[in-house]
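Summary of structural features
Residues per chain, in single letters:
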Amino acid sequence: MASWVLSASGLKPLPSAFPRPGVGAVYRDSLSKLRFLRPAATGSDLNIRFSSTRSSSRKRASVPFQVASVEEEEEPNFNDAIGEAEPPAGFDPGAPPPFNLADIRAAIPKHCWVKDPWKSMSYVARDVAVVFGLAAAAAYLNNWIVWPLYWAAQGTMFWALFVLGHDCGHGSFSSNHKLNSVAGHILHSSILVPYHGWRISHRTHHQNHGHVENDESWHPLSEKIFRQLDSATRTLRFTLPFPMLAYPFYLWSRSPGKSGSHFDPNSDLFVASERKDVITSTVCWTAMAALLVGLSFVMGPMQMLKLYGIPYWGFVMWLDFVTYLHHHGHDDKLPWYRGKEWSYLRGGLTTLDRDYGWINNIHHDIGTHVIHHLFPQIPHYHLIEATEAAKPVLGKYYREPEKSWPLPFHLIGNLIKSLKKDHYVSDTGDVVYYQTDPNLQ
């Protein structure tokens with residue numbers, strides 16, 4: 001079953017000094033020195049060195065070997081892409097933008113980079129209190145009119161816990177690594193997510209977003225891989241509700257065309273120096289699973305299913321729904337890149353902001369995704385302000401989200417439409433767009 005699983009998001013904070021060569025946001029400053037983009041907590045200037053080559057002793061299958069800076073990129077050649085959809089008339093979203101990361105960063109107020117651990121912990125306290133309050137109320141009332149309302153609300157709150165753990169993984173929760181790790185393990189283990197395993201693969205997603213082969217989250221299938229899928233797998237991947245149930249299977253075996261498990265320290269997702277972290281997270285995950293089994297004996301399996309099992313799958317659906325729509329479903333086709341056409345900036349600009357109405361505050365404004373992708377160290381409570389400040393620089397490369405009613409039912413239509421159209425990309429070409437298999441429409 002795992003062969004059809006879609007990739008979902010996952011993340012490790014960008015460290016203050018890379019322990020190994022890697023990829024990330026790059027640009028050239030006035031002194032022509034290549035630097036890695038990482039704002040400090042104070043919003044001070046960038047100062048992290050970056051290397052674009054990898055040593056043979058530290059190979060990672062999911063990360064590209066070399067990255068070109070934005071200024072060095074050539075104009076994309078759409079003739080290289082076979083049978084691709086035409087870019088929107090009048091504006092070419094696949095063309096290199098007339099700005100760089102430094103321009104965007106300069107437009108964002110300095111206080112937006114400041115991380116307040118007390119504020120972050122206050123969100124944790126709020127969400128944990130709501131989770132236990134909902135569970136206590138549902139168990140006390142024990143009414144079949146109440147249970148469906150509880151499942152919807154608690155599934156959403158589990159998703160909110162995940163987003164806070166996601167901030168820990170990025171390092172935007174606080175500047176204290178130990179606090180991030182402890183809070184991240186508690187938040188993620190409580191909803192059966194291996195914290196370190198996930199944050200490492202999510203880091204790979206951020207470092208390679210928009211790259212056809214190297215992205216880790218909802219990356220497109222090449223036509224060759226798509227054609228090799230059996231009909232059952234193809235149907236499961238593109239037919240609701242199955243894609244919205246993919247995340248747990250992705251954690252165990254990733255997505256088609258990739259191998260490895262988030263629980264296995266020897267997986268090619270990780271390097272040797274990360275194996276202890278992965279083991280720690282797997283042990284925490286196992287402890288939580290054992291606790292749930294024990295509670296099932298105490299409270300009864302049916303009660304645990306109602307209190308935890310169904311809300312857990314609600315959380316999974318939220319995660320897959322939100323992460324998919326951050327990278328798919330716009331009326332205009334979004335480009336994907338290969339080779340020298342890819343850069344951190346151009347890949348990040350293909351992500352989308354979404355409006356979730358009342359849910360925006362509940363799930364910590366994760367819908368403000370463009371700036372988050374470019375600068376993941378900005379705390380979630382500054383993302384809206386940072387986005388507004390960056391819009392004049394981004395211009396048409398920023399796609400204004402459709403305003404939501406109190407509940408974001410309009411996004412269900414975007415999801416259905418995208419699953420019917422976004423199936424695969426060409427095996428060739430450095431700037432490619434999703435193509436459609438008419439048999440799946």
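Structural notes, computed from the coordinates. Please read these numbers as outputs of a predicted model, since none were measured by experiment.

1. Considering the pattern of salt bridges
For the coordinates displayed, the defined rule picks out 14 salt bridges. Asp422 is the partner of Lys333 in a salt bridge, and the nearest nitrogen-oxygen pair spans 3.1 Å. Of the two residues, Lys333 sits in the loop between helix 10 (301-325) and strand 4 (336-337) while Asp422 sits in the loop between helix 15 (410-421) and strand 5 (431-432), which places them 89 residues apart along the sequence. The exposure class of Lys333 is partly exposed, given its relative accessible area of 22%. Judged by relative accessible area, Asp422 falls into the buried class, the value being 10%. With its nearest N and O atoms 2.9 Å apart, the salt bridge here joins Glu388 to Lys391. Taken together, the positions of Glu388 and Lys391, both in helix 14 (residues 383-394) and three residues apart, correspond to about one turn of that helix. By relative accessible area, Glu388 is classed as partly exposed at 46%. One salt-bridge network, in which partners are shared between bridges, spans Glu223, Arg227, Arg234 and Asp437.

2. Here's the deal with the packing of aromatic side chains
Throughout the structure, instances matching the rule amount to 26 aromatic pairs. Measuring from centroid to centroid gives 6.1 Å for Trp144 and Trp151, while their planes differ by 70 degrees, and the two rings are edge-to-face. Overall, the relative accessible area of 18% leaves Trp151 in the buried class. Members of the aromatic cluster, joined through ring pairs, are Phe158, Trp159, Phe162, Trp198, Tyr247, Tyr250, Tyr308, Tyr312, Trp313 and Phe315. Its end group placed over the ring of Trp113, Arg105 keeps NZ or CZ at 4.9 Å from the ring centre. The ring of Phe226 is capped by Arg234, whose NZ or CZ atom sits 4.6 Å from the centre of that ring.

Rules behind the numbers
- Residue positions are counted from 1 within each chain, in the order its sequence is given.
- With pLDDT at 70 or above as the cut-off, local features in this predicted model cover only qualifying residues; side-chain atom pairs require 80 or more to be listed or tallied, and sums for whole chains, interfaces and linings still use all residues.
- Think of the side-chain values as coming from all heavy atoms in the structure, minus any hydrogens and water.
- Between Lys or Arg on one side and Asp or Glu on the other, a salt bridge is scored when a side-chain nitrogen of the former is within 4 Å of a carboxyl oxygen of the latter.
- A run of H or I in DSSP becomes a helix once it reaches four residues, and a run of E becomes a strand once it reaches two; helices and strands are each numbered from the N terminus.
- Exposure categories follow from relative accessible area, calculated using a 1.4 Å probe and restricted to protein chains: below 20% of the type maximum is buried, above 50% is exposed, and the middle band is partly exposed.
- Under the pairing criterion, centres of Phe, Tyr and Trp rings, with the six-membered ring standing for Trp, must be within 6.5 Å; the plane angle then separates stacked pairs below 30 degrees from edge-to-face pairs above 60, leaving the rest tilted.
- Only lysine NZ and arginine CZ atoms are considered, and such an atom sits over a ring when it is within 6 Å of the ring centre and within 35 degrees of the ring normal.

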